[in-house]
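# Examination of the molecular architecture
If you want the building blocks of each chain, they are given just below.
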Amino acid sequence: MVLDTTATKLLTQITVPKQGSIALVVGPEGGIEASELEAFQAAGAELVSLGANVLRTSTAGPAVIAALTLR
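Reading the values: rules and limits
Residues numbered from 1 in each chain as written. Predicted model: local features only at pLDDT ≥ 70, side-chain atom pairs only at ≥ 80, totals over all residues. Heavy atoms only, no water. Salt bridge = Lys/Arg side-chain N within 4 Å of Asp/Glu carboxyl O. Helix = DSSP H or I, 4+ residues; strand = E, 2+ residues; numbered from the N terminus. Buried < 20%, exposed > 50% of the residue type's maximum accessible area, 1.4 Å probe, protein only. Core = buried A, V, L, I, M, F, W, Y, C linked by side-chain atoms within 4.5 Å. Contact = heavy atoms within 4.5 Å. Polar contact = N/O pair within 3.5 Å; in protein donor to acceptor, adjacent residues only side chain to side chain.

### Focus: the pattern of salt bridges
Under the criterion given, the structure shown has one salt bridge. Across the pair Glu46 and Lys9 runs a salt bridge, and its minimum N-O distance is 2.7 Å. Taken together, the positions of Glu46 in the loop between helix H1 (34–42) and strand E2 (47–48) and Lys9 in the loop between strand E1 (2–3) and H1 put the pair 37 residues apart, joining distant regions of the chain. Residue class for Glu46 comes out partly exposed when judged on its relative accessible area of 34%.

Okay, structure coming up:
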């Protein structure tokens, strides 16, 4: 799962597997380059957004982890 502000799918729309693991990619301030996003998608990653608000890199990862553990 790659956090991206331009993603059309929201984190709340993701189906979380009951077993296994999830890899989370949080990019640098300013976002991930388009070529990098394409490479992640080619490797099977799904682009997701947290919604209209953009969080800093230091808080985006923990926010996603907290949201996923509540499901």
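Additional details are given in the paragraphs that follow.
### Re the nonpolar core
Judged by nonpolar contacts, Met1, Leu3, Leu11, Ile14, Val48, Ala60, Val64 and Leu68 together constitute the single largest core of eight residues. If you tally residues by element for this core, the top one is helix H2 (residues 57–69), at three residues. Other than its neighbours up to four places away in sequence, Val64 contacts Met1, Leu3, Leu11, Leu24 and Leu50. Within the second largest apolar cluster, five residues are counted, among which are Val2, Ile32, Leu37 and Leu47.

### Details of the side chain of Ser49
Among the structural elements, Ser49 can be located in the loop between E2 and H2. Here Gly51 takes part through its backbone nitrogen, which lies 2.9 Å from a polar atom of the side chain of Ser49. Sequence-distant contacts of Ser49, that is, excluding residues within four places in its chain, are made with Asp4, Thr5, Ala7, Lys9, Leu10 and Leu11.

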